[in-house]
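# What the coordinates show
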Amino acid sequence: MDSGLASGPGRLVGRSVARQEDDRLLRGGGRYTDDVSLPGQAVGYFLRSPHAHGIIRRLDVAAVPGVPEVVACVTAADLKAAGYGPLPCKLALKSHDGTPLIVPERPLLAADRVRFVGEPIALVVAESLSAAKDGAEAIILDVEPLPGVSDVSEAVRDGAPQLFDEVPGNVCLDWRSGDFAAIDAALAGAAHVTRLDMVNNRVSAVSMEPRAATAAHDAASGRFTLRLGCQGVFGLRNTLADDILHIPRESLQVVAEDVGGSFGMKGGVYPEYAVLLHVARALGRPVRWTDERTDSFIADYQARDAKVTGELGLDGDGRIVALRITGLANVGGYVSGFGAAITTVNIVKNAASLYTTPLLGVQTKCVVTNTVPISAYRGAGRPEGNYYVERLLDAAARATGRDPAALRRSNLIPASAMPYKAVSGLTYDSGDFAAVLDDCLARADWAGFAARRAATARDGLLRGIGLACYLEVTAPPGKEMGGIRFEPGGEVSIVTGTLDYGQGHASTFAQVLADKLGIPFARIRLCQGDSDTLLHGGGTGGSRSIMASGTAIALAADMVIARGRQLAGHVLEAAAADIEFDDGAFRVVGTDKAIAVLDLAGAVRDGADLPADLPQSLDAALVADTPPSAFPNGCHVAEVVVDPETGVVTVARYVAVDDFGTLINPMVVEGQVHGGVAQGIGQALMEWTLYGDDGTPLSASMLDYAMPRADHMPPFVFASHPVPATSNVLGVKGCGEAGTTGALPAIVNAVVDALSGHGVTHIDMPATPERVWRALQQRGG
């Protein structure tokens, strides 16, 4: 595919250009949702359920209006009278018997029953936050507690507390993919079968900026405006308007400015947003709300939380004959808009990985429990699927006496087989997995590990090495807007429906446009986060942005060039067919007559006498069909040191070699890998969102939820081994989640390797000091 990008010494794609936004953000110039202060605004505070499960017997708000400075109180009864809809889930998933995913209604505010601690019950609005909290204290809430259940295994047992009458046995989906009869036969005939029970621990996103929103309503126009941090304003606007508020889309504007992190958590709609819009209209004044950290721990979507049994069959030569993953996935107190897809279709796509696996089966029961609902978090099925496969391969190598690298190499899809139809049904367009593996092993000095282990042992410590190969499947194709706008001051704005909340889009997209049109990098600005400016917007998630927006920007640039030829022909008094475009200028072929693209935009804007049959500006806007999923892949090697006296695990070395195709900005890519690895280390070693058996949160503060810090991080070695994608014009593959995907299995494999001399064959995440110490003690270590 021809990208049409500039080449030569002036080319920006492939260079580590500094991020445009960093100077502003580092100097405190960021503008986050809570920084927005509108004239006349009031402040909201949500009363949340203190019970994991119960029947609301009484909700008395009669005393609330008498509290000083309180101006409103909203309950489910008010929202019902307004005719709003519940939070939607439109996943078209079916159980293996053909019955559709059961989606119990999730109200905006609890009316009759609560199903997790933190579920919103009422909104109090006042002149100040303290007054709103005083108003919440005046609410009389009487909840009859019911037995609760938080563990997914306990929730499916006979006699377990039932969350919904319409969800028998708490199983809302019993999903299956694969030929289970063929898999049974293959496993029965295998020379070796490894079976491993694995837990993917529940985690919280803990973004630096908590969720916040400011809602306003203009009575004259009848329009709402919602300002918040999210991952895409266009889709969020549509869901709120279509499914919840039941208003025309044009009656709602959604605006996102700077967003202080999300990792998937802010990607979906939450009940608070519609409630705030409702009360803003009722009061005729803006209402601002910002969650507090403890409420974030009990109200923000959480992630992971599955228990699976993996089965991997090998023939006598160590070739994979079948893989099966059977498990229980906790979806929380309600089925979120995306939660059930993570542990079903996304596991199939990603567990296929980069191996020549002939048979793959996945069976997942999605189970409701009295916990916060589950949704996307960095990877959303990609880390889980690869983790299960890589743990099985390591266990199989150990059980059969094979070198873990050699076992993987013998099962890798060869580069010569591309394009390759994987067992998932997807066709991989590119990749050289063996070369990536060998590159990583060399950089990690795999051959020299024995000497490092011996040196560590002399200090009374245990050293382990962990290897993980991975392949991710990025978000599926869709649509995305590409817009290019020439501003009066000589700047050029890129308009896109993806949303930068830390990814570095401003510079990356500008590099693409600068090469395509020859526009100075410093002149290019990113316009995002306003639904009123968008023709379409897929948002940011699933490592899709550079494929989606990059493609749309390139196509919009082609439109600028096509328009420019016509306009330059008029200005330069030549036929459009005689106009060529190169290096940022339109030229008459065979002459020295030329005009720069920015000068042409200015001439047109400043009143050139243009015939009606010509474009009236160089501006371009379109909605592009985005490319199919790409397949970023790589190999990560981690080394850990374990203190057997305390169980403390230290990550000593970390090497990542990744194939992300064409790197638009290598520095930004490496930063994304560092962040992803850090989150992988966090989940693997310390992060754990815990509940009591009845659903009581046990880790709802930073005192109880362990987060990785700088001193937990090793020196990172990152290298790119690119094989450009053939499925999109830029040759890119996406990189935002790969660090986490590689880190989970690499770290856990390393910990198990360190403990293997003491008979430990598996340890579940997080490998906390207590867990590691107990594992050693139980095996006489």
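Provided above is the structure to which this section pertains.
None of these values were measured; they are calculated from a predicted model. (Residues numbered from 1 in each chain as written. Predicted model: local features only at pLDDT ≥ 70, side-chain atom pairs only at ≥ 80, totals over all residues. Heavy atoms only, no water.)

## Let's talk about the overall build of the protein chain
Filter applied, for reference: Think of it this way: any DSSP run of H or I at least four residues long counts as a helix, any run of E at least two long counts as a strand, and we number them from the N terminus. For a compact globule the rule gives 2.2 Å times the number of residues to the power 0.38, and the radius of gyration it is set against comes from C-alpha atoms. Categorising residues by exposure relies on relative accessible area from a 1.4 Å probe, with only protein chains included: less than 20% of the type maximum marks a residue as buried, more than 50% marks it as exposed, and the intermediate range marks it as partly exposed. Accessible areas in this description were obtained via Shrake-Rupley with a 1.4 Å probe; residue shielding takes into account the shown protein chains only. Charged residues are defined narrowly, with Lys and Arg counted positive, Asp and Glu counted negative, and His plus the chain ends left uncounted. In this description, the location of a charge corresponds to atom NZ of lysine, CZ of arginine, CG of aspartate or CD of glutamate.
The helix and strand inventory of the protein chain stands at 20 helices and 30 strands. Since a compact globule built from 781 residues should have a radius of gyration of about 28 Å, the 28 Å found for the protein chain is in line with a globular shape. Taken over 781 residues, the protein chain has a buried fraction of 59%. Just so you have it, the protein chain exposes about 28,300 Å², and 52% of that area is on carbon and sulfur atoms. For the protein chain, the separation between the mean place of its 66 positive charges and that of its 89 negative charges on side chains is 2 Å.

## Things to note about the layout of surface pockets
As a reminder, the rule being used: Method remark: on a 1 Å grid restricted to protein atoms, a set of points is classed as a cavity if a 1.4 Å probe fits but cannot get out and as a pocket if it is open with protein on both sides within 12 Å along at least five of seven lines; lining residues have an atom within 4 Å of a point. Grid points are joined across faces, edges and corners, and a volume is the space filled by probe spheres set on the points. Throughout this entry, Asp, Glu, Lys and Arg are counted as charged residues, while Ala, Val, Leu, Ile, Met, Phe, Trp, Tyr, Cys and Pro are counted as nonpolar. The remaining residues, Gly among them, count as polar.
Each pocket or cavity is described by its volume, and for the second largest pocket that value is around 470 Å³. Lining of the second largest pocket is provided by 20 residues; of these, Ala76, Glu105, Pro107, Leu109 and Ala111 occupy positions nearest its centre. Here the element with the most residues in the lining of the second largest pocket is helix H2 (residues 76–82); it accounts for 4 residues. Along the lines of polarity and charge, the residues of the lining of the second largest pocket split into 12 nonpolar, 3 polar and 5 charged.

## Description of the packing of aromatic side chains
We apply this condition: A pair of Phe, Tyr and Trp rings is counted when the ring centres sit within 6.5 Å of each other, with Trp represented by its six-membered ring. The angle between the planes then sorts it: under 30 degrees is stacked, over 60 is edge-to-face, the rest tilted. Here, over-ring charges are defined by two tests on the NZ atom of lysine or the CZ atom of arginine: distance to the ring centre within 6 Å, and angle to the ring normal within 35 degrees.
All chains considered together, the criterion is met by 10 aromatic pairs. Here Phe46 and Trp289 contribute two aromatic rings whose centre-to-centre distance is 5.5 Å and whose plane-to-plane angle is 85°, an arrangement assigned as edge-to-face. Here Trp289 lies in strand S13 (residues 287–290) and Phe46 lies in strand S1 (residues 42–48), a separation of 243 residues in the sequence. The exposure class assigned to Trp289 is buried, which follows from its relative accessible area of 2%. With centroids separated by 4.8 Å and ring planes inclined at 50°, the aromatic side chains of Tyr428 and Phe631 adopt a geometry described as tilted. Note that Tyr428 is positioned in strand S19 (residues 427–428) and Phe631 in the loop between strand S27 (620–625) and strand S28 (633–642), a separation of 203 residues in sequence. The ring of Tyr270 is capped by Arg211, whose NZ or CZ atom sits 3.6 Å from the centre of that ring.

## Overview of the environment of Leu101
Rules: Should any heavy atoms of two residues lie within 4.5 Å, those residues are counted as being in contact.
If you trace the backbone, Leu101 turns up in the loop between H2 and strand S4 (113–114). Considering only alpha carbons, one finds Leu101 and Gly483, 382 residues apart in sequence, at a separation of 38 Å. In this structure Leu101 touches Cys89, Leu91, Leu93, Lys94, Cys172, Leu173, Val335 and Ala340, once residues within four positions along its chain are discounted.

## So, the nonpolar core
Among soluble globular proteins, nonpolar side chains are generally buried collectively. Here is the rule we go by: Among buried residues, those of type Ala, Val, Leu, Ile, Met, Phe, Trp, Tyr and Cys that are joined through side-chain atoms within 4.5 Å constitute a nonpolar core.
Of all hydrophobic cores here, the largest spans 116 residues; its most connected members are Tyr428, Phe660, Leu685, Ile747, Val751, Leu755 and Val772. Broken down by element, the residue count for this core peaks at 11 residues, all from helix H19 (residues 738–755). For Leu685, the contacting residues outside a window of four places in its chain are Val649, Val651, Ile747, Val751, Pro766, Ala767 and Thr768. If you look at the next biggest cluster of nonpolar residues, it comprises 61 residues, including Val203, Ala213, Phe224 and Ala241.

## A word on the sheet that holds strand S10 (residues 212–218)
How we decide: At least two DSSP bridges between two strands are needed for those strands to be called paired. Note on definitions: angles span 0 to 180 degrees between N-to-C directions of axes, and those axes are lines fitted to C-alpha atoms, for helices only across the stretch in contact.
Spatially, S3-S5-S1-S13-S10-S11-S12 is the arrangement adopted by the 7 strands of the open sheet, whose pairing is mixed. Of all the strands in the sheet, the pair left with one neighbour each is strand S3 (70–74) and strand S12 (252–255). Across the sheet, the mean angle from the axis of one strand to that of its neighbour is 20°, orientation sign disregarded. Sheet topology note: the S10/S13 ladder contains 4 bridges and is antiparallel. Counted as the bridge partner of Ala215 is Val287 from S13. Against the sheet, helix H3 (residues 129–137) contacts S1, S3 and strand S5 (120–126), and its axis sits at roughly 35° relative to S1. The strands touched by helix H6 (residues 233–245) are strand S11 (223–228) and S12; relative to S12, the strand with the most contacts, the crossing angle is about 145°.

## Here we look at the pairing of strand S29 (residues 649–659)
Extensive coverage of S29 is indicated by the burial of 8 of its 11 residues. Taking the residues that link successive antiparallel strands as the turn, the S28-S29 hairpin has 6 residues, and the phi of Gly647 there is positive, at about 80°. Relative to strand S30 (residues 716–720), S29 runs parallel, the two being bridged by 5 bridges. By the bridge assignment, Val655 is partnered in S30 with Val717.

## A few points about the pattern of salt bridges
Rules: Salt bridges are defined as contacts in which a side-chain nitrogen from Lys or Arg sits within 4 Å of a carboxyl oxygen from Asp or Glu.
Taken as a whole and assessed by the stated rule, the structure comprises 45 salt bridges. One salt bridge in this structure joins Arg24 and Asp258, with 2.7 Å as the shortest N-O distance. Of this pair, Arg24 sits in helix H1 (residues 22–26) while Asp258 is found in the loop between S12 and helix H7 (271–283), placing the two residues 234 residues apart along the sequence. For Asp258, a relative accessible area of 16% gives the class buried. Among the salt bridges present, the one from Arg31 reaches Glu257, with a minimum N-O distance of 2.7 Å.

## Quick notes on unusual backbone geometry
Residue Pro419 is bonded to the preceding Met418 through a cis peptide linkage, with omega at -5°. Backbone geometry at Val206 places phi at a positive 50°, although glycine is not the residue there. The topology assignment puts Val206 in the loop between strand S9 (203–204) and S10. Exposure remark for Val206: the relative accessible area of 15% places this residue in the buried category.

## Overview of the pairing of strand S25 (residues 585–588)
The pairing of strand S24 (residues 579–582) with S25 spans 4 bridges and is antiparallel. Looking at the pairing, Glu580 lines up with Arg587 of S25. Counting the residues in the hairpin turn of S24 and S25 gives 2 residues, including Asp583, whose phi is positive at 55°. Pairing geometry for S25 and strand S26 (residues 594–596), over 3 bridges, is antiparallel. By the bridge assignment, Arg587 is partnered in S26 with Ala594. Count of turn residues in the S25/S26 antiparallel hairpin: 5 residues, of which Gly590 carries a positive phi of about 80°.

## Quick notes on the packing of helix H16 (residues 545–571) against helix H17 (residues 597–605)
Our working rule: Roughly parallel means an angle under 35 degrees; roughly antiparallel, over 145; roughly perpendicular, 65 to 115; everything else is oblique. The sense of a crossing depends on the near helix, which, turned anticlockwise from the far helix by less than a right angle, makes the crossing left-handed and, turned clockwise, makes it right-handed.
Where H16 contacts H17, the axes come no closer than 10 Å and their chain directions differ by 65°. The pairing of H16 with H17 is recorded here as roughly perpendicular in orientation. The crossing of H16 and H17 is left-handed. Judged by residue contacts, Val560, Gly564, Leu567, Ala568 and Val571 of H16 engage Val597, Leu600 and Val604 from H17. Split by residue class, the contact of H16 with H17 holds 7 nonpolar, 1 polar and no charged.

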